[in-house]
Amino acid sequence: MSKIAIIGGTGLTSLTNLEIVNRELVHTDFGEPSGPMTHGLLAGHEIIFLARHGYGHTIPPHKINYRANIAALKDAGVEKIIAVNAVGGITEKMVPEALVLPDQIIDYTWSRINTFFEEGLTQVVHIDFTNPYCEELRQQIIKAAEVAGIPLIRPATYAATQGPRLETTAEVKRLESDGCDLVGMTGMPEASLARELDLCYASICVVANMAAGKGPAEITMEEIDKNLQKGMADVRTLLEKVIALL
Ligand code: HPA
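Within each chain, residues carry numbers counting from 1 in the order of the written sequence. Since the coordinates come from a predicted model, pLDDT governs what is reported: local features require at least 70, and pairs of side-chain atoms require 80 or more to be given and counted, while whole-chain, interface and lining totals use all residues. Values reported for side chains reflect all heavy atoms of the structure, with hydrogen atoms and water molecules removed beforehand.

A. Examining the overall build of the chain more closely. Looking only at helices and strands, the chain features 5 helices and 10 strands. Based on C-alpha atoms, the radius of gyration is set beside the globule rule, defined as 2.2 Å times the residue count to the power 0.38. Compactness check: the chain gives a C-alpha radius of gyration of 17 Å against a globular reference of 18 Å for 246 residues, within 12% of the reference. Along the first, second and third principal axes, the C-alpha set of the chain runs to 45 × 40 × 30 Å. Each residue gets one of three labels from its accessible area relative to the maximum for its type: buried under 20%, exposed over 50%, partly exposed in between, using a 1.4 Å probe on protein chains only. Across the 246 residues in the chain, those meeting the buried criterion constitute 52%. Helix numbering and strand numbering both begin at the N terminus, where a helix is a DSSP run of H or I of at least 4 residues and a strand a DSSP run of E of at least 2.

See below:
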């Protein structure tokens, strides 16, 4: 079985069903990752867990060292990454607590370091990103969700915004007219960096709130936390099933 990592986002700073073996502090050529690599057993299989925002959830989306996180996992011999991302729901089916498996991304982020290929090159590198997520891993997640009886909405287009603020109503209208179903702040450049290092990467999104202007009221952190708690319970079950089936 190939070595698997899980990158947990808001609402998933630890995996309660992970039997921890050890925590390893690492350094990469691109700096420090968000926190230690947590090596452990999930469903009896060795995995690595990394908390994207740090274990105390203190690193905001635009300050995450995405390159160090992906490089650290590559250095650890990881071949597949399942990312978990909290999102706002834009289109009809994307209701709070729902789990969604996106198949496309539009990147609206700016000024983030978004490539490994910028210095000391012998040749300019352009990766193919037609299909930003690893289809093999997506299919494995779909199968696991079916076996576990967990509804998983797909396909969907993920809008990656800069944050850390949430969007305006007009911005969400624009994202919707661009064809986006979900909006989150951490999907990029994580996905393209993983592709640059040839890692098979897919994302399970949890809808934390209706995106700005889509719900009846303003978005509160209490609402986000409450919905994520419920959605992440399903994510933990789904991750265990995916790992068991891989
Ligand atoms: N917008 C952007 N990122 C998010 C949201 C949102 O509404 N909810 C959770 N992460």
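B. Molecular detail of the pattern of salt bridges. For this analysis, a salt bridge means a side-chain nitrogen from Lys or Arg found within 4 Å of a carboxyl oxygen belonging to Asp or Glu. Under the criterion given, the structure shown has 8 salt bridges. Between R52 and E190 there is a salt bridge whose closest N-O contact spans 2.8 Å. Here the residue R52 occupies a position in the loop between β4 (45-51) and α1 (66-75), and E190 occupies one in helix α4 (residues 190-196), the gap between them amounting to 138 residues. E190 shares its class with R52; the two are buried. A salt bridge links K80 to E136, with the nearest nitrogen and oxygen atoms 3.4 Å apart. Here K80, found in strand β5 (residues 80-89), pairs with E136, found in helix α2 (residues 135-148); they are 56 residues apart in sequence, far enough to count as distant.

C. Local environment of the packing of aromatic side chains. Here the aromatic set is Phe, Tyr and Trp, taking the six-membered ring for Trp, and pairing holds for ring centres within 6.5 Å; pairs whose planes are under 30 degrees apart are stacked, those over 60 apart are edge-to-face, and all others are tilted. This structure, assessed with the given rule, holds 3 aromatic pairs. With 4.9 Å between their ring centres and 70 degrees between their planes, F30 and F116 make a pair best called edge-to-face. One end of the pair, F30, is in the loop between β2 (19-24) and β3 (37-42); the other, F116, is in the loop between β7 (104-107) and α2, with 86 residues separating them in the sequence. Note on geometry: a ring has a charge over it if NZ (lysine) or CZ (arginine) is within 6 Å of the ring centre and within 35 degrees of the ring normal. Over the ring of Y55 we find R23, and its NZ or CZ is 5.8 Å from the ring centre.

D. Inspection of the packing of α2 against helix α5 (residues 221-245) at higher detail. Note on definitions: angles span 0 to 180 degrees between N-to-C directions of axes, and those axes are lines fitted to C-alpha atoms, for helices only across the stretch in contact. In the contact formed by α2 and α5, the axes pass within 9 Å of each other and the chain directions differ by 115 degrees. Of the two possible hands of crossing, α2 and α5 adopt the one that is right-handed. Here α2 contributes I141, K143, A144, A145, V147 and A148 to the contact with α5, which in turn contributes L238, K241, V242 and L245. Classifying every residue of the contact of α2 with α5 by side-chain character gives 8 nonpolar, no polar and 2 charged. Handedness of each helix crossing follows the sense of rotation of the near helix against the far helix: counterclockwise by less than a right angle gives left-handed, clockwise gives right-handed. In this description, contact between two residues means that some pair of their heavy atoms is separated by no more than 4.5 Å. Under the grouping applied here, Gly and all other residues not named as nonpolar or charged are polar, the nonpolar ones being Ala, Val, Leu, Ile, Met, Phe, Trp, Tyr, Cys and Pro and the charged ones Asp, Glu, Lys and Arg.

E. Inspection of the site of the ligand at higher detail. Taken together, the neighbourhood of the ligand is formed by A86, V87, G88, L166, E167, V183, G184, M185 and N209. E167 places a polar side-chain atom, nitrogen or oxygen, 2.7 Å from a nitrogen atom of the ligand. Summarising the interface, the protein chains cover 93% of the accessible area of the ligand, which totals 260 Å² for the free molecule. If one sorts the elements of the shell around the ligand by residue count, β5 sits on top with 3 residues. In this text, near means that some heavy atom of the residue lies within 4 Å of the molecule or strand in question. Pairing of N or O atoms within 3.5 Å defines a polar contact, subject to two protein rules: one partner must be a possible hydrogen donor and the other a possible acceptor, and residues neighboring in sequence count only if both atoms are side-chain atoms. Note on areas: these come from Shrake-Rupley sampling with a 1.4 Å probe, and a residue is covered only by the protein chains present in the view.

F. Structural detail: unusual backbone geometry. For the peptide bond that leads from R154 to P155, omega is -5 degrees, which places it in the cis range. Here P155 lies in the loop between α2 and β8 (157-160). Cis geometry is adopted by the peptide bond preceding P189, which originates at M188 and carries an omega value of 10 degrees. Checked against the element boundaries, P189 lands in the loop between β9 (182-184) and α4. The residue A43 is not glycine, and still its phi comes out positive at about 55 degrees.

G. Quick look at the side chain of T28. Note that T28 resides in the loop between β2 and β3. Among the polar contacts made by the side chain of T28, one reaches the main-chain amide nitrogen of F30 at a distance of 2.9 Å. Not counting residues up to four positions away in its chain, the partners in contact with T28 are P33, A68, A71, A72 and D75.

H. Examining the side chain of N209 more closely. Tracing the backbone shows N209 in strand β10 (residues 200-210). Assessed through its relative accessible area of 5%, N209 is described here as buried. Non-local contacts of N209, meaning those with residues more than four positions away in its chain, are made with V87, G88, G89, P96, I219, E223, I224 and N227.

Read these as spatial facts, not as claims about activity.
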